[in-house]
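Inside the fold
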Amino acid sequence: MNGQSEQEANTASNRLAHRFLQPDALYCGDARQLLPHIEPNSVALSVWSPPYFVGKEYEEHLSFDEWQNLLSTVIHLHFPILKPGGFLVINIADILVFKDQTMPRIQAEAVSRKRSPVTREDVLKAIEQHPGYNRYQLAKLLGCSEQTIDRRLHGNNIRGGKYEVQTRVKIVGGMVEDWALQAGLYPYDRRIWVKDAAWENSRWASLSYRSVDEFEYLYFFWKPGITKFDRKRLSPEEWKHWGSRGVWYIPSIRCNDDHEAKFPVELPSRVIRLLTDPEEIVLDCFIGSGTTAIAAIREGRHYIGIEMLEKYVKLAKNRIEVEKEKFVQKTLLEFRDDYRLEQHTGQS
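Right, let's walk through the structure included here. Since we're looking at a predicted model, the values are computed, not measured.

A few words on helix α8 (residues 173-183). When we look at burial in α8, the residues that qualify are Gly173, Met175, Val176, Trp179, Ala180 and Ala183. On an axial view of α8, the arc spanned by its buried residues comes to 165°, and they lie on one face. On its buried side, α8 packs onto α3 (64-76), α4 (78-81), β3 (82-92), β5 (166-170) and β7 (215-222). Phi turns positive one or two residues past the end of α8, at Gly184, with a value near 95°.

Here we take up the environment of Tyr312. For Tyr312, the position within the fold is in helix α12 (residues 310-347). When the C-alpha atoms of Tyr312 and Ser289 are compared, they prove to be 5.7 Å apart, with 23 residues separating the residues in sequence.

Quick look at the environment of Gln166 now. By secondary structure assignment, the location of Gln166 is in strand β5. Residues Gln166 and Val97, 69 residues apart in the sequence, show an inter-C-alpha distance of 8.9 Å. What Gln166 contacts, discounting residues up to four positions off in sequence, is Phe98, Lys99, Asp100, Met103, Pro104, Arg105 and Ile106. Of note is the side chain of Gln166, whose polar atom sits 3.3 Å from the backbone oxygen of Pro104.

Backbone-to-backbone hydrogen bonds join strands into a sheet, with any given pair of strands oriented parallel or antiparallel. Taken in spatial order, the 8 strands make up an open sheet running β1-β10-β9-β2-β3-β7-β6-β8, and their pairing is mixed. Unpaired on one side and paired on the other, β1 (25-28) and β8 (247-249) mark the two borders of the sheet. Averaged over all pairs of adjacent strands, the angle between strand axes in this sheet comes to 20°, irrespective of strand direction. Taken together, the 5 bridges between strand β2 (residues 43-48) and β3 define a ladder with parallel strand orientation. Bridge pairing links Ser46 to Leu88 in β3. Against the sheet, α8 engages β3, β6 (186-194) and β7, with an angle of about 15° to β7.

Moving on: the packing of helix α9 (residues 236-243) against helix α10 (residues 266-275). Look at α9 against α10: their axes get within 13 Å of each other, and the N-to-C directions meet at 125°. With respect to α10, the axis of α9 lies oblique. Two packed elements cross with a definite hand, and for α9 against α10 that hand is left-handed. Side by side, α9 and α10 meet where Glu238, Trp239, Trp242 and Gly243 of the first sit next to Arg270, Arg273 and Leu274 of the second. Per-class residue counts for the contact of α9 with α10 are 3 nonpolar, 1 polar and 3 charged.

The rules behind each value
- Residues numbered from 1 in each chain as written.
- Predicted model: local features only at pLDDT ≥ 70, side-chain atom pairs only at ≥ 80, totals over all residues.
- Heavy atoms only, no water.
- Buried < 20%, exposed > 50% of the residue type's maximum accessible area, 1.4 Å probe, protein only.
- Helix = DSSP H or I, 4+ residues; strand = E, 2+ residues; numbered from the N terminus.
- Arc of directions from axis to C-beta.
- Contact = heavy atoms within 4.5 Å.
- Polar contact = N/O pair within 3.5 Å; in protein donor to acceptor, adjacent residues only side chain to side chain.
- Pairing = 2+ DSSP bridges.
- Axes fitted to C-alpha atoms, helices over the stretch in contact; angles between N-to-C directions.
- Parallel < 35°, antiparallel > 145°, perpendicular 65-115°, else oblique.
- Left-handed = near helix turned anticlockwise from the far one by under 90°.
- Nonpolar A, V, L, I, M, F, W, Y, C, P; charged D, E, K, R; others polar.

The values are spatial; any link to function lies outside them.
Laid out in structure tokens, this is it:
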């Protein structure tokens, strides 16, 4: 190849590269519009935590159908950009308070919180003895409110309680699996992240037998291709304690003062170390406060981050700059220590 041809090839290559989102950068926008601008077959790992459909600020505008469309589309757009043999890992939880219009509206009988000792049996007996009484007359006879009569008979709260839509648990794993399979990605593994019990977010469970929110899922999906398995990515102790374990115990972020839904850096760090090599590209298309990018920097990987809200892009950029400065300082200290050791060894 002559000099001119080589120059033309380099120019064409540079133009092609600039068509794509560049690594080690954050991009503000909708993941559905930006993912097609990532270079095909370039991402070794995409790890992210999407909106959970629980009413957070950044998702409150979404209907359930729109939420499903968002996740299914984003998953579908991953197939072209993942390397063959690469992975998509989704951190998500079931929807614990899912409003279901079809669910029967029945008031729970919270025995310990009853204000009146009148039972259903007492009301039925009074009706039997006074078949023509209405609920007001029955209430006067039994020394309680007409609301108590209605609740004991029908499980209703006539002043509003069970005229509202009932809530239930919505299991999301099956939906996520279907969306991935439709995209050509195959379920590879799943882990459970046990976090701190979220008592403050579980007040709705106080009048039921439902558990508090204290775990989430990580679903691993594989793009067909040769996957490199390297036992040296982790130490023997790490393989023993979490690399080969299905349940990960990682404390939650206690202070979500600048973002509503931070996850601990340890979570993406484990996934990154387990599934990638240094210098490979890690993607997070719901990057929020930038935690996945910070994990990638610490583990010597490149990152691409996408975030819809500009205020969170600014937050993530600030956190990343702080992390890069720490990385530089750490590198300089290690270089200094190595230099001193060499000097000392040479003098000996």
